[in-house]
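The chain contents come next:
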Amino acid sequence: MSKITINKQNYYHNLDLLAKKAGGKEKIMVVIKDNAYGHGLDIMAKLASEFGIKKAAVKNTEEALHIEQFFDEVLVLADHPSEHKISKRISFAVHSLEFLKTFPKNSNIHLNIDTGMHRNGILMGEIQEALTCIKENSLNLRGIFTHFRSADDLNGELFWQEENWQEAKKEAKKELKALKLDLPLFHSCNSSALLRNKAGIKDDFARCGIATYGYTHIDKNIATYDLKPVMSLYANRLSTRVLRKGQKVGYGGVHLAQKDKVISTYDIGYGDGFFRYNGLGDLKIANKQEILGRISMDSLCVEGDRDEICLFDDVSELSNYFSTISYEILTKLMPWIKREVI
Ligand SMILES: *Cc1c(COP(=O)(O)O)cnc(C)c1O
């Protein structure tokens, strides 16, 4: 059976590095949305909690209910409360005035302010209206946050947006005081914004996803970081045969044997969430052996007859190959693949 291994030592190495940047473990919220970027929600929640992390962010209420016992606070990023009585530990990101007005009384919320990404969040000019609504509807404001659009890029956009964020914070604090509301926690940095920070963060905590799993897409001309990939993917042998010179293997027969060779198929395919390779390039597995021919739904083919092969222990090359980002390669791996901590 195929499996994913989770390297605990590497995970803790990354968390350590990020906690040092942020100024302490308590200043890290681990982002474990989307099955912890494919690593396995339960496993990563437990490991983070054992490391001493107290806050996590997830995609929806279902994920939150699943792992809330491991944390003091679980922030739901992309869902609305489905019931009126929901655990005290769970709070919801509010992305617009429209939806702010629909939240049940006493809901725990984090208010998102749009400081330039223009994806989600209330406008800067709506801060007063939003806070007034929060007070009138007796919502429990636990946090105010924003999200940066260009934290990876070699230009000044991050600094421009950080300035907008400082403005927004100032404005929010002024209105909170006027309304006699308590100060909530402020947060803005994702992994990249935190890593790029030189002087420690001004916020109460940072929301870290991809760097905890060992990757960053920060432009290499800005800096490189000592992060270690956490996930490896293994596949097991399904069958072995001799492919004779002149024979072709797999759909479309796109791989032609130039000489006799022993080949085997292994139990990972695009149905498992591994990207579909069309067999026309030179895509390689972890030990640099080529994948032979097209990837099928449930299998792929490699020369030799080893019982187990490692498909990757670092997805950087794969994500370059498929012109995507590490996030996508990791997140797509199906939840049914067995996960094992090593
Ligand atoms: C996914 C997400 C993050 C984490 O981003 P990384 O780049 O993986 O660190 C942080 N904040 C919000 C709002 C997100 O949606």
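Here is what the cut-offs are and how they apply
Position numbers for residues count from 1 along each chain, tracking the sequence in the order it is written. Side-chain atom pairs in this predicted model are given and counted only at pLDDT of 80 or more, local residue features only at pLDDT of at least 70, and totals for whole chains, interfaces and linings cover all residues. Side-chain descriptors were evaluated using all non-hydrogen atoms of the structure, hydrogens and water having been removed beforehand. Ring geometry is summarised as follows: Phe, Tyr and Trp rings, the Trp one being its six-membered ring, pair when their centres sit within 6.5 Å, and such pairs are stacked at plane angles under 30 degrees, edge-to-face over 60 and tilted between the two. Burial classes follow relative accessibility: with a 1.4 Å probe on protein chains only, a residue under 20% of its type's maximum area counts as buried, one over 50% as exposed, and anything between as partly exposed. Note on conventions: DSSP H or I runs of at least 4 residues are helices, E runs of at least 2 residues are strands, and numbering of each starts at the N terminus. Distances are taken per atom, and a residue is near a molecule or strand as soon as one of its heavy atoms is within 4 Å of it. Think of a polar contact as two N or O atoms within 3.5 Å of one another; within protein, one of them needs to be a possible hydrogen donor and the other a possible acceptor, and neighboring residues in sequence only count if both atoms come from side chains. Here a cavity is any set of points on a 1 Å grid over the protein atoms alone where a 1.4 Å probe fits but cannot get out, and a pocket is any open set with protein on both sides within 12 Å along at least 5 of 7 lines; a residue lines the site when it has an atom within 4 Å of a point. Assignment of a molecule to a cavity or pocket requires that more than half of its atoms lie within 2 Å of the corresponding grid points. For this classification, Asp, Glu, Lys and Arg are treated as charged, while Ala, Val, Leu, Ile, Met, Phe, Trp, Tyr, Cys and Pro are nonpolar and the rest, including Gly, are polar. Grid points are joined across faces, edges and corners, and a volume is the space filled by probe spheres set on the points. Comment: axis = line fitted to C-alpha atoms, over the contacting stretch for helices; angle = value between 0 and 180 degrees taken between N-to-C directions. Roughly parallel means an angle under 35 degrees; roughly antiparallel means over 145; roughly perpendicular covers 65 to 115; every other angle is labelled oblique. Handedness of a crossing follows from how the near helix is turned relative to the far one, being left-handed for an anticlockwise turn of less than a right angle and right-handed for a clockwise one. Whether two residues touch is decided by their heavy atoms; if any such pair falls within 4.5 Å, the residues are in contact. In this scheme, strands are said to pair when DSSP sees at least two bridges between them. All the domain ranges listed were derived from an automatic or database domain assignment. Summed over both partners, the accessible area (1.4 Å probe) lost when two parts come together is defined as the buried area.

Visitor: Give me the packing of aromatic side chains: which residues, what numbers.
Guide: Under the defined criterion, the tally for this structure stands at 9 aromatic pairs. For the ring pair Y11 and Y12, a centre distance of 6.0 Å and an interplane angle of 35° mean the geometry is tilted. According to the relative accessible area criterion, Y11 is buried, its value standing at 0%. On the basis of relative accessibility, which here comes to 18%, the residue Y12 falls in the buried class. Between Y12 and F51, the ring centres sit 5.0 Å apart and the planes meet at 50°, which makes this aromatic pair tilted. With a gap of 39 residues between them, Y12 in helix 1 (residues 8–22) and F51 in helix 3 (residues 41–51) connect regions that are remote in the sequence.

Visitor: I'd like to hear about the site of the ligand, residue by residue, with values.
Guide: Around the ligand, the surrounding shell consists of V31, K33, Y37, L77, H147, N190, S191, R207, C208, G209, I210 and Y327. Taking S191, its side chain carries an N or O atom lying 2.5 Å from an oxygen atom of the ligand. With respect to the pocket detection grid, the ligand is positioned in the largest pocket. The set of elements that each furnish at least two residues to the shell around the ligand consists of helix 2 (33–37) and strand 9 (206–208). For the shell around the ligand, a count of residues per class yields 6 nonpolar, 4 polar and 2 charged.

Visitor: Please give an account of the layout of surface pockets that cites residues and values.
Guide: Quantified by volume, the largest pocket comes out at close to 690 Å³. Top element by residues in the lining of the largest pocket is helix 2. It accounts for 3 residues. A breakdown of the residues in the lining of the largest pocket according to their chemical character gives 13 nonpolar, 13 polar and 9 charged.

Visitor: Just give me the short version of the packing of helix 1 against helix 3, but keep the residues and values in it.
Guide: The relative placement of two packed helices is expressed as an angle between their axes plus a distance between the axes. The contact between helix 1 and helix 3 brings their axes to 11 Å, and the two run at 55°. Here helix 1 is positioned oblique relative to helix 3, judged by the angle of their axes. Where helix 1 crosses over helix 3, the two elements pack in a sense that is right-handed. Residues K8, Y11, Y12, L15 and D16 of helix 1 form the contact with helix 3, whose own contacting residues are M44, L47, A48, E50 and F51.

Visitor: Tell me what's going on with the sheet that holds strand 2 (residues 28–31), and back it up with residues and numbers.
Guide: Spatially, 8 strands are ordered 8-7-6-5-4-3-2-9 in an open sheet, and the strand pairing comes out parallel. With one partner strand each, in any of the chains shown, strand 8 (185–187) and strand 9 form the two edges of the open sheet. Direction aside, neighbouring strands of the sheet carry axes that sit 30° apart on average. Note: strand 3 (residues 55–58) against strand 4 (residues 73–76), 4 bridges, orientation parallel. Its bridge partner lying in strand 4, V58 is registered against V76. Where helix 6 (residues 127–136) meets the sheet, it contacts strand 6 (108–112) and strand 7 (140–145), and its direction lies at approximately 175° from that of strand 6.

Visitor: Lay out the domain arrangement of the chain in plain terms, naming residues and giving numbers.
Guide: Examined at the domain level, the chain breaks down into domain 1 (8–213) and domain 2 (231–341). With centres defined by C-alpha atoms, the gap from domain 1 to domain 2 works out at 37 Å. Domain 1 puts 10 residues into the contact, and the matching count from domain 2 is 9 residues. Summed over both partners, the interface of domain 1 with domain 2 buries about 890 Å², with 67% contributed by carbon and sulfur atoms. By the criterion of area lost to domain 2, the three top residues of domain 1 are Y37, H39 and I210, representing 46% of everything that side buries. Summed over the shared surface of domain 1 and domain 2, the result is 1 residue pair in polar contact (both at pLDDT 80 or more). Listed by contribution, the elements that provide at least two residues to the side of domain 1 that touches domain 2 are helix 2 and helix 3. In terms of residue count, helix 2 provides more of the side of domain 1 that touches domain 2 than any other element does, 3 residues in total.

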